[in-house]
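# Residue-level structural notes
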Amino acid sequence: MKNYPTLKKMLIGSMLSAFTFFISCSKDETTNETEESTALTAAELKFSDETELISEDILGLVEDVYTTDEISSTSKSNYGSDYLPDCVTITTVVTDTTKEKTIDFGEGCELPNGNVLSGIIYLSYERQMEVAQKNLSLSLENFAFNGVSVEGTASVERIRSNENNNPQSDAIWSFTASWPDGETVSFNGDRTREWVEGFGSGFWGDNAFLITGKGTYTGKLGNTIQKEVLEPLRREWSCRFIVSGILSITKSDARASLDFGDGSCDAKGILTYPNGESQEIFLRRFSK
């Protein structure tokens, strides 16, 4: 299922292919304006899916940086993660109570998953590393993700060991993204991310996570899409797609669902429309 040699040549994630599904309207709602406001278009799906990838990757790499510090500090060993390449510069300032990290991607730095980041992420958390629970905060400066400018902040409650004896992070974020073509959207949400495989190995390719939560996407016309995880999404860093789980997608009080499959690393998903009909679709994101 995992294909490490080709992974750097591919870009992560999933953008829904060019299609539009229409949410049911009453018989007297026949104007173009009504149709536009109630139809979930391919463009909206594209942008909303890309914002999910942006937020997940930002939070994921921040957790990787924090985890490297946590394991090194608590195990007294020279632990290191191989996820961030040499083009990333991390500077740490220690105060009496906090650690302030500057994660600088310069003018462009390609990650192992193929995404290219630039600018700075500021990360702050409590200096004491042995505590069971800790709050992290982050902000962005001149930050871009595959050419998409991103602004905003996030806070993360990091639990060293949950009821399953796995690390867990509960994040709340609010971001705004601007594409080169002028499209600007906002997205916010909260998610729980349980680290179920690969913790502490130092090899990014065996990391796997289960993700739950919900979020809101707002386009430039003010149209909103609500997304909520119905069955935990499994994210494996060795794969550019979510490999399993079910996501609810709601607009104008009508709901569709997207099933990411049975665990295979492929570009397929099953989209179920508000009328109950289903269709196999192909998923991709940020294709060059």
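Structure report, in brief.

Conventions we followed
- Residues numbered from 1 in each chain as written.
- Predicted model: local features only at pLDDT ≥ 70, side-chain atom pairs only at ≥ 80, totals over all residues.
- Heavy atoms only, no water.
- Core = buried A, V, L, I, M, F, W, Y, C linked by side-chain atoms within 4.5 Å.
- Buried < 20%, exposed > 50% of the residue type's maximum accessible area, 1.4 Å probe, protein only.
- Helix = DSSP H or I, 4+ residues; strand = E, 2+ residues; numbered from the N terminus.
- Contact = heavy atoms within 4.5 Å.
- Salt bridge = Lys/Arg side-chain N within 4 Å of Asp/Glu carboxyl O.
- Phe/Tyr/Trp six-rings, centres within 6.5 Å; stacked < 30°, edge-to-face > 60°.
- Disulfide = S-S within 2.5 Å.

## A look at the nonpolar core
Across soluble globular proteins, nonpolar side chains have a tendency to be buried as a group. Of all hydrophobic cores here, the largest spans 54 residues; its most connected members are Ile58, Phe105, Ile121, Leu138, Phe143, Val150 and Phe175. Top contributing element to this core by residue count: helix α3 (residues 42–75), with nine residues. Here Ile58 is in contact with Ile121, Leu138, Leu140, Phe143, Val150 and Phe175, once residues within four sequence places are set aside.

## Some remarks on the pattern of salt bridges
Within the structure shown, the criterion is met by twelve salt bridges. The shortest N-O distance in the salt bridge between Glu56 and Arg191 comes to 3.3 Å. With a gap of 135 residues between them, Glu56 in helix α3 and Arg191 in strand β11 (residues 184–197) connect regions that are remote in the sequence. Each member of the pair Glu56 and Arg191 is classed as buried. For Glu56, the salt bridge is made with Arg193, and the minimal N-O distance between the two is 2.7 Å. Residue Glu56 is located in helix α3, and its partner Arg193 is located in strand β11; the two are separated by 137 residues in the primary sequence. Exposure class is identical for Glu56 and Arg193. Each is buried.

## Some remarks on the packing of aromatic side chains
Scanning the model with the defined rule gives nine aromatic pairs in all. Where Tyr83 meets Trp204, the ring centres are 6.1 Å apart and the plane angle is 55°; that geometry is what we call tilted. Placement of the pair is Tyr83 in the loop between α3 and β4 (89–94) and Trp204 in the loop between β11 and β12 (208–218), with a sequence separation of 121 residues. With respect to burial, Tyr83 and Trp204 carry one shared label: buried. For the pair Phe175 and Phe187, a centre-to-centre distance of 5.8 Å together with 55° between the ring planes defines the contact as tilted. Of this pair, Phe175 sits in strand β10 (residues 168–178) while Phe187 sits in strand β11; the two residues are twelve residues apart in sequence, bridging distant segments of the chain. Taken individually, Phe175 and Phe187 each receive the classification buried, so the pair is uniform in this respect.

## Description of the state of the cysteines
On inspection of all chains with the given rule, the structure shows two disulfides. Here Cys87 is linked by a disulfide to Cys109, with a sulfur-sulfur distance of 1.8 Å. Judged by the sign of its S-S torsion, about 65°, the bond between Cys87 and Cys109 is right-handed. With Cys87 in the loop between α3 and β4 and Cys109 in strand β6 (residues 109–110), this pair connects stretches of sequence that are 22 residues apart. The class for Cys87 is partly exposed, based on a relative accessible area of 37%. A disulfide bridge connects Cys239 with Cys265, and the sulfur atoms are separated by 2.1 Å.

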